[in-house]
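This is what each chain is made of:
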Amino acid sequence: MIYVTGDIHGSIDIRKLLENNVTKKITANDYVIICGDFGLVWNWKKEVRNEKKWLNWLNDRPWTTLFVDGNHECFPRLYSYPVKEWKGGKVHEIRPKVLHLMRGEIFEIEGNSIFAMGGAASHDRGPAKGDTDAVIGTGWWPEEIATTEELDYGLDNLEARGNKVDYIITHCLPTFYQEFIKKGEFPPDQMSEFFEYLNKTVEYKHWYSGHYHCNVDITDKISVVFSRIIPIGAAVRDSELIIGIPKYRRNDTVLVKLGEDNIRMGIVLKVEAYGPFMKHDEPYYEVHFYGDEIEKHGTMVKETMIIEKSMMD
Ligand SMILES: [Fe+2]
């Protein structure tokens, strides 16, 4: 089975891959694809201790880890790993069971054709923040945007297959969907414009992306993944929640069912992924309900008591 998940940013968001109700089911025959911002090849000089530790840890998982690159990768180092032919395409072998799916390649995995095209524009550093010189080569690399050659290579590979693949794995999305999800905060760029073109010319079953740090199906065929691990072909809405990974965040406005006729709206003050004293198997939230005295402590509620995140945000 092939699974798809979102950004891990080195060890920062790797938690979803630790042992949990979903990863326990992933076997040695399976693959987990990360939709960019892998981030475990990050130091600009060498594999430092923390990277080594987590890369070896990933290599020791039962499954094989695959990833497309995002915008938070140290590209010169990523490109320094050996290039190998693997399942019809080219990969950088970071470890025998940790492989970077190179840009524009099409892989045949378990009878599925998968088009990989990493890369995305950074919005938190580099030119977007006007500080290219300060971070270039340390926390930001211009290679985050694919070159014309890489894009053309991808187009040629797709064309050779009649512009038809089963799945597309990228870090960012076509401009239209990127603007929809970021409400204009991320302006169009070369990658999103390329994907805009791809979306109009390529036939596919499902498109998965990362980058936006949320779990959402934008259309029936396009999903953004972050803290879910989704069997390929499925949508976010069909995927299993990972216990211990909170669905809501601090400052979210939520509707909570406190009793049969008692539904209240409040704001999340604190998130406890495993409940108070880490003794529970679902997240708890301290919620301040509107109308309660401001000095009063919030009320602890279980995740299952929250009906939904309010659209008032
Ligand atoms: Fe990210």
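Please read all numbers here as calculations on a predicted model, not as lab measurements.

A. Here's a closer look at the sheet that holds strand β4 (residues 83-86). Spatial ordering of the open sheet is given by β4-β5-β6-β3-β2-β1-β13, a layout of 7 strands whose pairing is mixed. The open sheet has two edge strands with one neighbour each: β4 and β13 (229-231). The average angle at which neighbouring strand axes cross in this sheet is 35 degrees, direction not considered. Across the sheet, helix α1 (residues 49-59) lies against β3 (64-68), β5 (89-95) and β6 (98-101), angled at about 120 degrees from β5, the strand it touches most.

B. Fine view of the sheet that holds strand β7 (residues 105-109). Pairing within the open sheet is mixed, and its 6 strands lie in the order β7-β8-β9-β10-β12-β11. Edge positions in the sheet fall to β7 and β11 (216-217), since each has one partner strand and no second.

C. View of the nonpolar core. Judged by nonpolar contacts, the single largest core of 64 residues is most densely connected at Ile33, Leu101, Ile114 and Ile169. Considering each element in turn, this core owes the most residues, 5 residues, to strand β2 (residues 31-35). Those residues within four positions of leucine 101 in sequence are excluded, and the remaining contacts are Leu66, Phe67, Val68, Gly89, Val91, Phe107 and Ala116.

D. Quick peek at the environment of proline 82. Counting through the fold element by element, proline 82 comes out in the loop between α2 (75-78) and β4. Residues proline 82 and glutamate 93, 11 residues apart in the sequence, show an inter-C-alpha distance of 5.6 Å.

Each value, and the rule that gives it
- Residues numbered from 1 in each chain as written.
- Predicted model: local features only at pLDDT ≥ 70, side-chain atom pairs only at ≥ 80, totals over all residues.
- Pairing = 2+ DSSP bridges.
- Helix = DSSP H or I, 4+ residues; strand = E, 2+ residues; numbered from the N terminus.
- Axes fitted to C-alpha atoms, helices over the stretch in contact; angles between N-to-C directions.
- Contact = placed C-beta atoms within 7 Å.
- Core = buried A, V, L, I, M, F, W, Y, C linked by C-beta atoms within 7 Å.
- Buried ≥ 20, exposed ≤ 12 C-beta atoms within 10 Å, placed from the backbone.

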